[in-house]
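What follows is the residue order along each chain.
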Amino acid sequence: MSLVSGSSTRHRTEEQRSAPATGTPSASTEPAAAAPPIEPSRPRLRRPSALPRILRVVLTGATKSVAVVVLLLAWELAPRFGLVDRTFLPPFSEVAQAWWALVANGQLADNAEASLVRSFSGFGIAVAVSVPLGLLIGWYRPVADLLNPLLQVFLNTAALALLPVFVLLLGIGETSKISIVAYACAWPILFNTISAVRTVDPTLLRLAKSMDLSAPRLFQKVILPASVPTIFTGIRLAGAVSIVVLVAAEMIGAKAGLGYLINASQYNFAIPQMYAGIVTISVIGVAFNQLLVAVEKRLSSWRVPATS
């Protein structure tokens, strides 16, 4: 009996030892808690760095300003090294000092204000008259056939050649100056508007007509939007013309304005002040052109940019 009980006891002890090794849980052990699932980590989206964009903008601005910087540098050095007569072309630094003196005493602001009022008034009248008239002439062929000979006569007559006529008819006051500016600005806007209406993509017209659009609807939805870029080309040309013609008109008969400032500085042999007035006109012209470009982009935002 002792041998049997001893062997059975030893056998149970070996089974208990072998149970954990085989992975069989005993009756007294509790089941282990399930481990929480591990969520896959999502890659964090990195925001694009602003540094490359800033560098690109700076590089673009530097590239566009290289020619201007070279011109100003040549303007500064040529008189100083005796390449040109310093009396008639002073260095740019002296012109800048004269420009600041005109700003400080208020002369530049007063004359620039007088010129801008005249220029913008004539320019606005030209846009208000020429754009609707150009759309009408471009849309209705009989109107174009009736007015085209007369328009060609006025187009080939220089605005400055008619300046004495405007002065004789309207006097030397503000009316004649605004009128000559409006006359000079009208023709680029008018003929570009006519061309814009007549050169609309025929495919667009065929598609619009296939949708049975009425004539007013066709003009509103197709003709007018497609004509905006060409119309603004004429408007930008007219903006440059308005300043040039006005300065010439102010040189003949005016008591204020940038043209008057340039002419008076020449007579008084104040050469730096004369160049300061010329630089101011150039800056105003560039700023006005950039304003028109921004307006054109806003009105043409529907257009799909060309892909390279």
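Scroll up for the structure.
Here the residue numbers are simple positions, counted from 1 along each chain's written sequence. The model is predicted, so local features are restricted to residues of pLDDT at least 70 and side-chain atom pairs to those at 80 or more, both for listing and for counting; the totals for chains, interfaces and linings are taken over all residues. Excluded from the side-chain calculations are hydrogens and water; all other atoms, namely the structure's heavy atoms, are used.

Undergrad: Any chance you could break down the overall build of the protein for me, citing the residues and the numbers?
TA: Counting its regular elements, the protein contains 11 helices and 0 strands. Secondary structure elements in the protein, listed N-terminal to C-terminal, are α-α-α-α-α-α-α-α-α-α-α. Accessibility here uses a 1.4 Å probe with only protein chains present; expressed as a share of the type maximum, an area under 20% marks a residue as buried, one over 50% as exposed, and anything in between as partly exposed. Going through the 308 residues of the protein one by one, you find that 30% of them count as buried. The Shrake-Rupley method, run with a 1.4 Å probe sphere, supplies the accessible areas, and residue values consider only the shown protein chains as cover. By element, 66% of the accessible surface of the protein is carried by carbon and sulfur atoms, the whole surface being about 20800 Å². Secondary structure is summarised from DSSP: a helix means a run of H or I of at least four residues, a strand means a run of E of at least two, and numbering begins at the N terminus for each.

Undergrad: Can you lay out the pattern of salt bridges for me, pointing to particular residues and giving the numbers?
TA: A carboxyl oxygen of Asp or Glu within 4 Å of a side-chain nitrogen of Lys or Arg is what we treat as a salt bridge. In the structure shown here, the tally under the stated rule is 5 salt bridges. Between Arg86 and Glu94 there is a salt bridge, with its nearest N and O atoms 2.7 Å apart. Sharing partners across several salt bridges, the network here consists of Arg118, Glu174 and Glu250.

Undergrad: Tell me about the environment of Val279, residues and numbers included.
TA: By the element assignment, Val279 lies in helix H11 (residues 271-299). Classification of Val279 by relative accessible area gives partly exposed; the value is 25%. A sequence separation of 184 residues divides Val279 from Val95, and the C-alpha atoms of the two residues are 9.0 Å apart.

Undergrad: Tell me what's going on with the packing of helix H8 (residues 202-210) against helix H9 (residues 215-252), and back it up with residues and numbers.
TA: Fitted lines through C-alpha atoms serve as axes, helices being fitted only where they are in contact, and the angles separating the N-to-C directions of these axes extend from 0 to 180 degrees. Running from N to C, H8 and H9 cross one another at 150 degrees; their axes reach a closest spacing of 10 Å. By the criterion of interaxial angle, the relationship of H8 to H9 is roughly antiparallel. Of the two possible hands of crossing, H8 and H9 adopt the one that is right-handed. On H9, the residues that touch Leu204, Leu205, Ala208 and Lys209 of H8 are Leu218, Val222 and Ile223. Following the grouping adopted for this structure description, the nonpolar residues are Ala, Val, Leu, Ile, Met, Phe, Trp, Tyr, Cys and Pro, the charged ones are Asp, Glu, Lys and Arg, and the polar ones are all others, Gly among them. Its residues assigned to classes, the contact of H8 with H9 comprises 6 nonpolar, no polar and 1 charged. By the definition adopted for this analysis, an angle is roughly parallel if under 35 degrees, roughly antiparallel if over 145, roughly perpendicular if from 65 to 115, and oblique otherwise. In this scheme the crossing of two helices becomes right-handed for a clockwise turn of the near helix relative to the far one and left-handed for an anticlockwise turn of less than a right angle. The contact criterion used throughout is that any non-hydrogen atoms of two residues lie within 4.5 Å.

Undergrad: Which residues make up H9, and what are the values?
TA: For H9, with 38 residues, the first-to-last C-alpha span of 48 Å runs short of the 56 Å given by 1.5 Å per residue. In the structure, H9 departs most strongly from a straight axis at Val228, where the bend amounts to approximately 50 degrees and where the proline Pro229 lies between one and four residues downstream. A helix is expected to span 1.5 Å multiplied by its residue count minus one. A residue's bend is given by the angle between axes fitted to the 7 residues ending at it and the 7 residues starting at it.

Undergrad: I'd like a description of the environment of Ala182, backed by residues and values.
TA: Position of Ala182 relative to the elements: it lies in helix H7 (residues 174-198). With a relative accessible area of 13%, Ala182 lands in the buried category. With 61 residues separating them along the chain, Ala182 and Ser121 place their C-alpha atoms 7.9 Å apart. Among residues more than four places away in sequence, those in contact with Ala182 are Gly122, Ile125 and Ala126.

Undergrad: An account of the packing of aromatic side chains is needed here, citing residue identities and associated values.
TA: Ring geometry is summarised as follows: Phe, Tyr and Trp rings, the Trp one being its six-membered ring, pair when their centres sit within 6.5 Å, and such pairs are stacked at plane angles under 30 degrees, edge-to-face over 60 and tilted between the two. Overall, the coordinates contain 10 aromatic pairs when judged by the stated rule. Between the aromatic rings of Phe120 and Phe288, the centroid separation amounts to 5.1 Å while the plane-to-plane angle is 50 degrees, which identifies the pairing as tilted. Of this pair, Phe120 sits in helix H4 (residues 107-139) while Phe288 sits in helix H11, placing them 168 residues apart in sequence. For Phe120, a relative accessible area of 42% corresponds to the partly exposed category. Judged by its relative accessible area of 9%, Phe288 is buried. Put simply, the rings of Phe154, Phe166, Tyr183, Trp187 and Phe191 pair up and form one aromatic cluster.

Undergrad: Now, about a nonpolar patch on the surface: what can you tell me, with residues and values included?
TA: Among the surface-exposed residues, Leu73, Leu77, Phe81, Leu83 and Val84 lie close enough to one another that they form a single nonpolar patch of about 510 Å² accessible area. Note that Leu73 resides in helix H2 (residues 50-80). Note on Leu73: relative accessible area 49%, which makes it partly exposed. The residues that make up patches have over 30% relative accessible area and no salt bridge, and they are joined within 9 Å when like-charged or within 5 Å when they are Val, Leu, Ile, Met, Phe, Trp or Tyr.

Undergrad: Let's hear about unusual backbone geometry: which residues, and what values?
TA: In this structure, Phe269 takes a positive phi of about 60 degrees despite not being glycine. Looking at the element boundaries, Phe269 is found in the loop between helix H10 (258-267) and H11. Phe269 gets classed as partly exposed once you look at its relative accessible area, which sits at 49%.

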